[in-house]
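An overview of the molecular structure
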Amino acid sequence: MLNIVLFGPPGAGKGTQSEKIIAKYHLSHLSTGDLFRKHLGEGTDLGRLAKKYMDEGRLVPDEVVIGMVEDKITNSKDANGFIFDGFPRTVAQAEALDKLMRNNKLEISGMIALDVEEKILKERIRERGKTSGRTDDQDESKIETRIRVYLDETLPVAAYYEQQGKFTKINGVGTIEDIFGDIEKVIDKF
């Protein structure tokens, strides 16, 4: 079973490349944003718990996020594997994900990180903001904050997978097809 963590800063092209990976390798997309929307919309116990934290303006704790991820994995027994998009965001979440995977007799095949310099990230995000309708893609200070949070809090996750020999960096600049070609070469070695 193929289980891939697609990694990179905001604007690196994770969403675009996720779609291509899912189409070619028939993986189940596991996005925490989608999981939040699902659980909130269905009013599940996890959704109600997440909503409580969100209504208080607090971050949803890792245990709740991991619970949602576990629910998705256990209810997708027929999946060829998963692509984790936007998760894990912290080393604690990566450790919890590894434990969850082991408990389900699975493992992360590898992390593919899209590497894009900050100047290009900002240009991409601003450009996306013109059509996405996302206000955080249009506000320079929010763009700066999102990149800073990634560098401070999320980037250490790459080192976690690198220590396991599961980390590959891909140049995230070029045509969509060229970048995907580089990703395919990595996935085909898993």
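That block above? That's the structure.
Here is a short report on the structure shown in this document. Numbering of residues starts from 1 in every chain and runs along the sequence as written. With pLDDT at 70 or above as the cut-off, local features in this predicted model cover only qualifying residues; side-chain atom pairs require 80 or more to be listed or tallied, and sums for whole chains, interfaces and linings still use all residues. For the side-chain quantities, the full set of heavy atoms in the structure was used; hydrogens and water were omitted.

1. Describing the overall build of the protein
Inclusion rule: Helix and strand definitions follow DSSP, with helices as H or I runs of at least four residues and strands as E runs of at least two, each counted in order from the N terminus. For the radius of gyration, the atom set is restricted to C-alpha positions; the globular benchmark scales as 2.2 Å times the number of residues to the power 0.38. Relative accessibility under 20% of the residue-type maximum defines a buried residue, over 50% an exposed one, and the middle range a partly exposed one, all with a 1.4 Å probe and only protein chains included. In this analysis, two residues are considered to be in contact whenever any of their non-hydrogen atoms come within 4.5 Å of each other. In this tally, Asp and Glu contribute negative charge and Lys and Arg positive charge; neither His nor the terminal groups of the chain are included. Working definition for charges: the position is that of NZ of Lys, CZ of Arg, CG of Asp or CD of Glu.
Scanning the protein from N- to C-terminus turns up nine helices and five strands. In terms of C-alpha radius of gyration, the protein reaches 16 Å, essentially the compact-globule figure of 16 Å for 190 residues. Seen along its three principal axes, the alpha-carbon backbone of the protein occupies a region of about 40 × 40 × 30 Å. Counting over 190 residues, the protein shows a buried share of 45%. For the protein, contacts bridging at least 24 residues in sequence account for 73% of all contacts bridging at least 6. Side chains of the protein give 29 positive and 33 negative charges; the mean places of these two sets differ by 1 Å.

2. Regarding the nonpolar core
Filter applied, for reference: Buried Ala, Val, Leu, Ile, Met, Phe, Trp, Tyr and Cys residues form a nonpolar core when they are joined through side-chain atoms within 4.5 Å.
Ranked by internal contacts, the top residues of the largest apolar core, which has 32 residues, are V69, I73, F84, L97, M101, M111 and Y161. Secondary-structure elements contributing two or more residues to this core are β1 (2-7), α2 (32-42), α3 (45-55), α4 (62-74), β3 (81-85), α5 (91-103), β4 (110-115) and α8 (156-163). Per element, the largest residue contribution to this core is six residues, and it comes from α4. If near-sequence neighbours (up to four positions away) are discounted, M101 is found in contact with N3, I73, F84, L106, E107 and I108. Residues I21, L27, V116 and I187 belong to the second largest nonpolar core, which totals 21 residues.

3. Focus: the sheet that holds β3
Definition in use: Two strands are counted as paired when DSSP detects at least two bridges linking them. Note on geometry: axes are lines fitted to C-alpha atoms, helical ones only across the stretch in contact, with angles between N-to-C directions running from 0 to 180 degrees.
The strand order β2-β3-β1-β4-β5 describes an open sheet built from five strands, whose pairing is parallel. Lying at the two open borders of the sheet, with one neighbouring strand each, are β2 (28-31) and β5 (167-171). Neighbour to neighbour, the strand axes of the sheet diverge by 25° on average, direction disregarded. Sheet analysis places β4 next to β5, joined by five bridges and oriented parallel. The partner of I112 across the bridge, within β5, is T168. Against the sheet, α4 touches β2 and β3, its axis set at about 170° to β2. Sitting on the sheet, helix α9 (residues 176-187) touches β1, β4 and β5, and the angle it makes with β5 is about 160°.

4. Details of unusual backbone geometry
Even without being a glycine, H26 presents a positive backbone phi close to 55°. Inspection of the secondary structure assignment puts H26 in the loop between α1 (14-25) and β2. Here H26 falls in the exposed class, since its relative accessible area comes to 55%. Backbone geometry places K105, a non-glycine residue, at a positive phi of 55°. Looking at where K105 falls in the secondary structure, it is placed in the loop between α5 and β4. Overall, K105 belongs to the exposed group, its relative accessible area being 77%.

5. Describing the packing of aromatic side chains
Within a pair of aromatic rings, the relevant descriptors are the distance that separates the centres and the angle that separates the planes. We count it as follows: Between the rings of Phe, Tyr and Trp (Trp by its six-membered ring), a pair exists once the centres lie within 6.5 Å; its type follows the angle of the planes, with under 30 degrees stacked, over 60 edge-to-face, and the other angles tilted.
Going through the model one piece at a time under the given rule, you end up with three aromatic pairs. With centroids separated by 5.7 Å and ring planes inclined at 45°, the aromatic side chains of F7 and Y150 adopt a geometry described as tilted. Within this pair, whereas F7 is found in strand β1, its partner Y150 is found in helix α7 (residues 140-154), the two being separated by 143 residues in sequence. With respect to class, F7 is no different from Y150; both count as buried. Centre to centre, the rings of F82 and F84 are 6.2 Å apart; their planes meet at 45°, and the pair counts as tilted.

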